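Chains, contacts and geometry: an overview
The primary structure of each chain is shown beneath.
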Amino acid sequence: MGNDYKQTMNLPQTDFPMRASLATREPEQLRFWEEIDVYRRSLEVNEGGPTFILHDGPPYANGHIHMGTAFNKVFKDLIVKYKTMRGYWSPYVPGWDCHGQPIEHQVEKNLGPERMKTISQAELRALCREYAMEFVGVQAEEFKRLGVRGDFEDPYLTLKPSYEAGDVRVFAELYRRGMVYKGRKPIHWCYRCQTALAEAEIEYSEETSDSIYVKFWLTDPPPAFSGVAEKVAVLIWTTTPWTLPANVAVTLAADAAYVGVLADGEVLVMAEDLVPAVAQVAGWDSYEVVRDADGEPVRMRGSELEGLTYRLPVFPERTGVIITGEHVELSTGTGAVHTAPGHGEEDYLVGVRYGLPAPMPVDDQGVFDHGGGPFAGLHVDDANPVIISWLAEQGVLLAAGKTTHSYPHCWRCKKPVIFRATEQWFISMDKTGLRDAALKAIGTVEWVPGWSVNRITSMVADRPDWCISRQRAWGVPIPVFECAACGETVANDETFAAVEALFATEGADAWFTRAPSEYLPQGIACPRCGGSELVPEKDIVDVWFESGVSHTSVLEARDELRRPAELYLEGSDQHRGWFQSSLLTSVGAYDEAPFRTVLTHGFIVDGEGRKMSKSLGNVISPADVVGQYGADIIRLWTASADYGQDISVSSEILERTSEAYRRIRNTFRFLLGNIYDFEPGEAVPFDRMPELDQWAMTSLARLVSRLGAAYDDWKFHQVYRAIYDYCVTDLSAFYLDVLKDRLYADEADSDSRRSAQTVLAEMLTALVRMVAPILSFTAEEVWRFMPEPLREGIDSVHLAGWPTLEVPSARAAELTAAYGVVLEVRDEVMKALEDARNAKAIGKSQEARVVVKAAEEVRSVLAERGADELAAMFIVSAVEVAPSADGSLSVEVLPAAGEKCPRCWNYRALGAAGLCARCEDVVAR
RNA sequence: GGGCCCAUAGCUCAGUCGGCUAGAGCGCACGGCUGAUAACCGUGAGGUCGGUGGUUCGAAUCCACCUGGGCCCA
């Protein structure tokens, strides 16, 4: 049949596969990029261009990457690639956070308790390094598989000597500026294992404890109570009697009502709500609440009692003070909390606020020293019964019982741990105005999305001093010394310089294997006692401090980078973490923020918006997605999400993303298939193109500028949206569909077909570049299937730059307006054709001719296009435009006149050869 | 418990200073085509804009509270 004519048609030809098979094909692109060293080349092409530095926040070198890390890295990658396309010199140096408790903990678990006992710190550190390096390797491969481009040959690692030297440099500067001080802070301590424990090493379980109610005698009771009885006490409740020797304050709830209860001839002050419960525990047969002249209970708010003093229970010759705090519970106890800043986190924080001392009478072994007064020499394990009976003897114990509650235990020995204040190193927020300077620096930075600035501001405004020391093995030491003779800290420009040099050449390991005399200059002595024997500080630095100094260890240290960076980009948790530690160390050392813009994204959650967890069974791993769908699907998903909120992944979302991908891929395939015989020399200039092609060029130009704006504005989901809608709506559903007749049936070398191909080539070369930052693999694949001349001798799409497209603006505006009308009419025509199809009047639209009745304004626009052009655009055999009686738009569908041309399948009057005039003409040649 | 934030069709997103019957694409249903064919085209059905109350002539949009969710802290 018509197949005879098939050979005379210009049907699409391309080897570009319809099916992506990304999981198997992507590795080929990876090898290609490796071969041509695309990262290096991406810098070379923009040598001398403006610089854009996205500074990578280091993930922790432990375990495989998850969806969150994948999202974050791909997000960064598409920004770097976009900037590269726009001509920016944009190096990307990935980094890893290699020190810290989780790795040390894991290594310790692998070793087991027996070997741990015999291993040296140096050996332990070597094992930790090995462990970290293994996962740096694992994650680097996983990132590369996602298409992430960067200097994976030479990433930055917090365990490298050059990095560790930067830790010293920043610490030294902060120290010189007087921001670093030594103070005390309570930490979890296991006296059996003789070690500090991190929060992650604590296991909580139920524990039965003593529960006692103790009277603290007020020295100057409020008159309302003191008139009633001679002795007035504030009644506290505690489950840790052994912490009473360290008591310095009682904390009340500022807004709660407190009353005096008269029982056994004494007034006991407690929260009104808790009086009945206390009466029951105390076993009072009768009691009364102190009342005023009107018979109303005397109520005082916690804040009114603030400032009163009382005699310490264990040291009656000293006094404590009543304060208020937010952590006071009014569901149990008395509403008055025994406060020992040396023994509790909340107590410590409230103590800092009130400037209270933090006595710590318990030593490393858990034994009271002389600070324990009458209990000196007693072990805390044995102390409770002794203290309780002592309190009873003193007449201050109201009641004693037992209670069960959740209590922290050591992960190693499984025994209860204690909270114990120890010497720690701090960075002061206020001594030298760091807080104010940081807040000021926040104002110089662009925070995206906008609410981000509120979050960082309130966190910096409210945070306590930064405790930067850890009692650990795997990290960078606090680079100071202690005088062996008098305990004074020894640290000055000379020692810092020597330590920095030591770390730079041998790494921080040397701190643990070399004696200070080997690397410190001669003559360093204790400024207080003149002692010359110096002991290196045992504590290491908080890992947040380490990663925080990357502005120095990486941005400053590496030739291709500089401080400040244009962009930091991390999840919203980093307001507390890296954004802040980077900001504080940079402002502290250099008086300025290390970044110009900070971009924050939400967290990855499941389809219901819940976080992913093993227990919920909703975890999706990037490796599985790459295996099933391919990295480009992860990349497309990354771009499609509005990162300002939490980002969902589910199998449905991935399925949808994958369908969208196929749509884009097929658009590329169609474009490639129709330019197989096109040479750029045959391009038709804009002003000689048919109007429809001019419109297509206009809409492409609009897309180019819209995408540029969306990318520049960090609105990547709009980029995705615009590309996708363009492929579906502008191209597939309209322009490309309309073009088929011209492409397939017109003479191969005709101006009309060459014009169409000119447009398709423009679309292809522009789209492939604009999509490359996102669909990095597919774009590269498309690039390799493009006709050689269109590639302009460029190996990789990633080196091809951003498209430039000029369309006369007056003509563009004219066409945009006119085609708005045409497309509206087209919609109506489609509806009418569908009705006809449903009535079995027609099958394909060419079988119909239509009569469009419209108002004058519409008719004039249509008339300008011409009936033939309208028929082509509506894909019908003929269009007739007629006035409409009421001005409304309506469409009448009639059978096509003429017969089906066996070559082009349009309904036309057929000539002698049995073909339509156009086809007859084409075949004749 | 506190701070910051989120909530529009099954999915991903639009909805400017509050103002026509809340939009798009996908998916779905139905149909067409068989020269983009494990493609392509068309039509259609889907939403009490998380809930309640308030401000207003009028609220998806402003306010309060609640519910659910996220991050951080406690």
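Along each chain, residues carry numbers from 1 onward, in the same order as the chain's sequence is written. Just so you know, chain letters begin at A and ligand numbers begin at 1, following the order they were written in. Residues qualify for local features only when their pLDDT is at least 70, as the model is predicted, and side-chain atom pairs are given and counted only at 80 or more; totals for whole chains, interfaces and linings, by contrast, use all residues. In computing side-chain values, all of the structure's heavy atoms are included and hydrogens and water are not.

Focus on the overall build of chain A
Helix and strand definitions follow DSSP, with helices as H or I runs of at least four residues and strands as E runs of at least two, each counted in order from the N terminus. Within chain A one finds 31 helices and 33 strands. The quantity called the radius of gyration is restricted to C-alpha atoms. Its globule counterpart is 2.2 Å times the number of residues to the power 0.38. What you see for chain A is a C-alpha radius of gyration of 38 Å, clearly larger than the 29 Å of a compact globule of 925 residues, by over 25%. C-alpha extents for chain A along the principal axes are approximately 125 × 80 × 50 Å. A burial count over chain A gives 55% of its 925 residues as buried. In chain A, the proportion of contacts linking residues at least 24 apart, taken out of those at least 6 apart, comes to 78%. Reported accessibility uses the Shrake-Rupley method at a 1.4 Å probe radius. Residues are deemed covered only where the shown protein chains occlude them. Carbon and sulfur atoms make up 49% of the accessible area of chain A, which amounts to about 38,400 Å² in all. Taking the 91 positively charged and 135 negatively charged side chains of chain A as two groups, their mean positions are separated by 4 Å. Burial status follows relative accessibility: with a 1.4 Å probe on protein chains alone, a residue under 20% of its type maximum counts as buried, one over 50% as exposed, and anything between as partly exposed. In this analysis, two residues are considered to be in contact whenever any of their non-hydrogen atoms come within 4.5 Å of each other. We treat Lys and Arg as the positive residues and Asp and Glu as the negative residues; His and chain ends play no part in the count. Charge positions come from single atoms, namely NZ of Lys, CZ of Arg, CG of Asp or CD of Glu.

Section: the protein's contact with RNA strand B
Surveying the vicinity of RNA strand B reveals 53 residues, the closest of which are G609, D642, R669, H717 and S732. For RNA strand B, the fraction of atoms within 4 Å of the protein that belong to sugar or phosphate moieties is 74%. Residue R721 places a side-chain N or O atom 2.9 Å away from a base oxygen belonging to RNA strand B. Polar contact is the term for a pair of N or O atoms within 3.5 Å; when the atoms are in protein, one must be able to donate a hydrogen and the other to accept it, and sequence-neighboring residues count only if both atoms are side-chain atoms. Separating a sugar or linking oxygen of RNA strand B from a backbone N or O atom of G843 is a distance of 3.2 Å. It suffices for a single heavy atom of a residue to lie within 4 Å of a molecule or strand for the residue to be listed as near it.

Section: the packing of aromatic side chains
Two aromatic rings, drawn from Phe, Tyr or Trp (for Trp, its six-membered ring), form a pair once their centres lie within 6.5 Å of each other, and the interplanar angle then sorts them: stacked below 30 degrees, edge-to-face above 60, tilted otherwise. Under the counting rule described, the total for this entry stands at 35 aromatic pairs. For the pair W284 and Y287, a centre-to-centre distance of 5.6 Å together with 45° between the ring planes defines the contact as tilted. Ring centres 5.3 Å apart and planes at 75° place the aromatic pair W695 and F734 in the edge-to-face group. Note that W695 is positioned in helix α23 (residues 691–712) and F734 in helix α24 (residues 716–745), a separation of 39 residues in sequence. Overall, the relative accessible area of 5% leaves W695 in the buried class. Ring pairing ties together the aromatic residues F71, F75, Y82, W637, Y643, Y711, F716 and W802, which thus form one cluster. In this structure, K83 is placed above the aromatic ring of Y88, and the distance from its NZ or CZ to the ring centre is 5.0 Å. Lysine NZ or arginine CZ positioned within 6 Å of the ring centre and within 35 degrees of the ring normal marks a charge as sitting over the ring. A cation over an aromatic ring shows up here: R145 above the ring of F777, its NZ or CZ 5.9 Å from the ring centre.

Some thoughts on the nonpolar core
If you look at soluble globular proteins, the nonpolar side chains tend to sit buried side by side. The term nonpolar core refers to a set of buried residues drawn from Ala, Val, Leu, Ile, Met, Phe, Trp, Tyr and Cys, joined through side-chain atoms within 4.5 Å. Ranked by size, the top nonpolar core spans 163 residues in total, and within it I79, Y735, M763 and L767 carry the most contacts. If we skip the residues at most four places from it in the chain, I79 touches F52, L54, L567, L569, L599, W714 and F716. Counting residues in each nonpolar core, the second largest holds 66 residues, with A253, V269, M270 and V290 among its members.

A word on the pairing of strand β4 (residues 180–190)
Burial within β4 is extensive, with eight of its 11 residues counted as buried. Looking at chain direction, β4 and strand β17 (residues 418–427) are connected through 10 bridges and run antiparallel. By the bridge assignment, I187 is partnered in β17 with R420. Two strands qualify as a pair provided DSSP detects at least 2 bridges between them. Between β4 and strand β5 (residues 195–197), which pair antiparallel and follow one another directly, the connecting turn spans four residues, one of which, Q194, has a positive phi of 55°.

What to know about helix α4 (residues 101–118)
Given 3.6 residues per turn, any residue in an α-helix points the same way as the ones three and four places further on. In this analysis, the expected span of each helix is defined as 1.5 Å times one less than the number of residues it contains. For α4, spanning 18 residues, the distance from its first C-alpha to its last is only 20 Å, which falls clearly below the expected 26 Å at 1.5 Å a residue. Fitting axes to the seven residues ending at a residue and to the seven starting there, one defines the bend at that residue as the angle between these axes. The largest bend along α4 reaches roughly 110° and is located at G112, with the proline P113 sitting one to four residues downstream. Within the sequence span of α4, burial applies to Q101, I103, E104, H105, V107, E108, L111 and G112. Where α4 is buried, its residues touch α5 (121–145).

Digging into the pattern of salt bridges
Just to be clear on terms, a salt bridge is a Lys or Arg side-chain nitrogen sitting within 4 Å of an Asp or Glu carboxyl oxygen. One pass over the structure, following the stated rule, counts 64 salt bridges. Between K76 and E570 there is a salt bridge whose closest N-O contact spans 2.9 Å. You can see K76 sitting in helix α3 (residues 67–85) and its partner E570 sitting in strand β25 (residues 565–571), a full 494 residues away along the chain. Residue class for K76 comes out buried when judged on its relative accessible area of 0%. Measuring nitrogen to oxygen at the nearest pair gives 3.4 Å for the salt bridge that ties D255 to R301. Note that D255 is positioned in the loop between β8 (249–252) and β9 (257–263) and R301 in strand β12 (residues 300–301), a separation of 46 residues in sequence. Through salt bridges that share partners, D37, R40, D151, D154, K160, R558 and E560 make up one connected network.

Description of the sheet that holds strand β31 (residues 890–895)
Taking strand neighbours across the sheet as the criterion, the three strands line up as β30-β29-β31 in an open arrangement whose pairing is mixed. Sheet topology places β30 (878–883) and β31 at the edges, where each strand pairs with a single neighbour. The mean inter-strand angle of the sheet, taken between neighbouring strand axes irrespective of direction, is 20°. Relative to β30, strand β29 (residues 848–854) is paired through six bridges, and the arrangement is parallel. Residue pairing in the sheet places K853 in a bridge with A882 of β30. Axis lines are fitted through C-alpha atoms, for helices just across the contact stretch, and the angle between N-to-C directions can take any value from 0 to 180 degrees.

Details of the pairing of strand β26 (residues 595–601)
Put simply, side chains in a regular strand alternate between the two faces of the sheet. Across the seven residues that make up β26, a large majority, six, are buried. Taken together, the three bridges between strand β18 (residues 446–448) and β26 define a ladder with parallel strand orientation. In the strand pairing of β26, V448 is matched with L599. Here β25 runs beside β26; their pairing, made up of six bridges, is parallel. Residue L567 lies in a different strand from β26, and its bridge partner there is T597.

Some points on the state of the cysteines
We call a pair of cysteine sulfur atoms a disulfide when they lie within 2.5 Å. Evaluated as defined, the whole model comprises zero disulfides. Of the cysteine sulfurs around C190, a residue in no disulfide, the closest is that of C413, at 3.5 Å.

Quick look at the sheet that holds strand β1 (residues 54–55)
Spatially, β1-β25-β26-β18 is the arrangement adopted by the four strands of the open sheet, whose pairing is parallel. Two strands close off the open sheet at either side, each with one partner strand: β1 and β18.

Re the side chain of K215
Locating K215 in the fold gives a position in strand β6 (residues 202–217). Side-chain polar atoms of K215 contact the side chain of E266, separated by 3.0 Å. Aside from chain neighbours lying at most four places away, what touches K215 is A233, V234, L235, E266, L268, G395, V396, L397 and L398.

Some points on the confidence of the model for chain A
Here chain A averages 93 in pLDDT, and 100% of its residues register 70 or above. For this predicted complex, the interface score ipTM comes out at 0.96, alongside a pTM of 0.91. Scored from 0 to 100, pLDDT reflects the predictor's confidence in each residue.

Concerning the side chain of R472
Among the structural elements, R472 can be located in the loop between β20 (469–470) and β21 (481–483). In this structure R472 comes out as buried when scored by relative accessible area, which is 12%. The contacts of R472, once residues within four sequence positions are left out, are Q101, E104, Q121, A196, L197, A198, E201, K538 and I540.

With respect to unusual backbone geometry
Cis geometry is found at the peptide bond from V448 to P449, where omega equals -5°. Mapped onto the secondary structure, P449 falls in the loop between β18 and α13 (452–462). Cis geometry marks the peptide bond from R563 to P564; its omega dihedral reads 0°. Note on placement: P564 falls in the loop between α18 (550–556) and β25. The backbone phi angle of D37 is positive, close to 55°, even though this residue is not glycine. Looking at the secondary structure, you find D37 in the loop between α1 (22–36) and α2 (38–44). You can call D37 partly exposed: its relative accessible area is 36%.

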